[in-house]
Amino acid sequence: MRICEIKRSTKETKIEMKLNLDGTGEFKGSSGIGFFDHMLNILAFYANFDVKLFCTGDLNTGAHHIIEDIGIVFGQALKNSLGDKKGIARFGGCFLPMDEALVNVNLDISGRSYLVFNASFPTERVGNFETELVEEFFRAIVVNAAITLHVNLEYGKNTHHIAEAIFKGFGRALGQAVEKVGSRVNSSKGVI
């Protein structure tokens, strides 16, 4: 089974995550940030992963440390869950609409960390969630999972819809990329 548990404890946060790549799309737990929990739930659902999260941290200084550290832990858990990556599709992508917003999300489980993030948000916050942290979350995942991720906002006006479309698109693309489709490593080099 492709399951990993990661614990990370710093002076700013304490995070425990269990990630099951062959799950049912269920998210349990809380980051302490309502809108971000909504996004994590969406990510798990569309990737068809089970994610259990325990998190404590200092929200008095803002959500940055919590969101970045959850991204770090998620990226590490993803990388460890994939093992030698034999048989995975490797690539995933989709155009995803959310009402007036449309995003294009594509990724490669490449062994190379690279993020292209071409999206901006009309407002600085959704509830107590700072929208600039969306990019920070995905950067932390990319670096720690060693994947290439391109996020492109085609258009959109509503901040909530844009963020939700990005998380749904990432979940869907990631679910495609980790899908077992064969027995060989999906690389002409023989290694990912």
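Small disclaimer: the values here were computed from a predicted structure and weren't measured. (Residues numbered from 1 in each chain as written. Predicted model: local features only at pLDDT ≥ 70, side-chain atom pairs only at ≥ 80, totals over all residues. Heavy atoms only, no water.)

> Whenever I open this one, the environment of cysteine 55 confuses me. Can you help?
Along the chain, cysteine 55 turns up in strand S4 (residues 50-57). Under the relative-accessibility criterion, cysteine 55 is labelled buried at 11%. Residues cysteine 55 and valine 191, spaced 136 residues apart in sequence, show a C-alpha to C-alpha distance of 34 Å. Ignoring sequence-local partners within four residues, the contact set of cysteine 55 consists of Lys14, Ile15, Ser30, Ser31, Ile66 and Ile70. (Helix = DSSP H or I, 4+ residues; strand = E, 2+ residues; numbered from the N terminus. Buried < 20%, exposed > 50% of the residue type's maximum accessible area, 1.4 Å probe, protein only. Contact = heavy atoms within 4.5 Å.)

> Help me out: how do you make sense of helix H1 (residues 34-47) in this one?
One turn of an α-helix holds 3.6 residues; hence residues three or four places apart share an orientation. Its 14 residues give H1 an end-to-end C-alpha distance of 20 Å, which sits within 8% of 20 Å, the value for a rise of 1.5 Å per residue. Those residues of H1 not exposed but buried are Phe35, Phe36, Asp37, Met39, Leu40, Ile42, Leu43, Ala44 and Ala47. Taken from the residues just after H1, asparagine 48 is the one with a positive phi, measuring 65 degrees. (Expected span 1.5 Å × (residues − 1).)

> Is there a simple way to think about the sheet that holds strand S6 (residues 101-108) in this case?
By way of backbone hydrogen bonds, the strands of a sheet pair with one another, either parallel or antiparallel. Here we have 4 strands laid out as an open sheet, ordered S5-S6-S10-S7, and mixed in their pairing. In this open sheet, the two edge strands, each paired with only one partner strand, are strand S5 (91-98) and strand S7 (114-118). Put simply, the sheet's adjacent strands are angled 10 degrees from each other on average, direction ignored. Both S7 and strand S10 (residues 148-155) contribute to a ladder of 5 bridges, which runs parallel. (Pairing = 2+ DSSP bridges. Axes fitted to C-alpha atoms, helices over the stretch in contact; angles between N-to-C directions.)

> Just checking my understanding: could you explain the nonpolar core for this structure?
Nonpolar side chains in soluble globular proteins generally cluster together in the buried interior. With 65 residues, the main nonpolar core has Ile70, Phe74, Phe137, Phe138, Ile166 and Phe170 as its most contacted residues. Tallying contributions element by element places helix H4 (residues 159-178) first for this core, with 10 residues. Sequence-distant contacts of phenylalanine 137, defined by excluding residues within four places in its chain, comprise Phe36, Leu40, Leu43, Ile67, Ile70, Gly71 and Phe167. (Core = buried A, V, L, I, M, F, W, Y, C linked by side-chain atoms within 4.5 Å.)

> Help me understand the packing of aromatic side chains, please; the structure alone is not making it clear to me.
The way to describe two aromatic rings as a pair is by their centre distance and the angle between their planes. Across all of its chains, the model carries 9 aromatic pairs by this definition. Taken together, a centroid distance of 5.6 Å and an interplanar angle of 20 degrees make the contact between phenylalanine 137 and phenylalanine 167 stacked. One end of the pair, phenylalanine 137, is in helix H3 (residues 133-145); the other, phenylalanine 167, is in helix H4, and 30 residues separate them in sequence. For phenylalanine 137, a relative accessible area of 0% translates into the label buried. With centroids separated by 5.0 Å and ring planes inclined at 50 degrees, the aromatic side chains of phenylalanine 138 and phenylalanine 167 adopt a geometry described as tilted. Here phenylalanine 138 is found in helix H3, whereas its partner phenylalanine 167 is found in helix H4, with 29 residues between them in sequence. (Phe/Tyr/Trp six-rings, centres within 6.5 Å; stacked < 30°, edge-to-face > 60°.)

> Just to check I follow, could you spell out the pattern of salt bridges for this structure?
Pairs may arise between side chains of opposite charge once their charged atoms sit close together. With the rule as written, the count across this model stands at 5 salt bridges. For arginine 2, the salt bridge goes to aspartate 22, with nearest N and O atoms at 2.8 Å. On the criterion of sequence distance, the pair formed by arginine 2 in the segment before strand S1 (3-9) and aspartate 22 in the loop between strand S2 (13-20) and strand S3 (27-29) is long-range, its members being 20 residues apart. When its relative accessible area of 12% is taken as the criterion, arginine 2 is described as buried. Residue classification places aspartate 22 among the partly exposed residues on the basis of a relative accessible area of 41%. Note that glutamate 135 and arginine 139 form a salt bridge whose closest N and O atoms lie 2.8 Å from each other. Within this pair, glutamate 135 and its partner arginine 139 are both found in helix H3, separated by 4 residues, close to a single helical turn. (Salt bridge = Lys/Arg side-chain N within 4 Å of Asp/Glu carboxyl O.)

> Even after reading the chapter, I still don't get the packing of helix H2 (residues 64-82) against H3, so can you show me in this structure?
Helix packing geometry: the angle between the two helix axes and the distance between the axes. The geometry of H2 relative to H3 is characterised by a closest axis approach of 7 Å and an angle of 30 degrees between their N-to-C directions. Overall, the two elements H2 and H3 adopt an arrangement that is roughly parallel. The interaxial crossing formed by H2 with H3 has right-handed handedness. Packed against H2, whose contacting residues are His64, Ile67, Glu68, Ile70, Gly71, Ile72, Phe74, Gly75, Gln76, Leu78 and Lys79, the element H3 presents Leu133, Glu136, Phe137, Ala140, Ile141, Asn144 and Ala145 at the interface. (Parallel < 35°, antiparallel > 145°, perpendicular 65-115°, else oblique. Left-handed = near helix turned anticlockwise from the far one by under 90°.)

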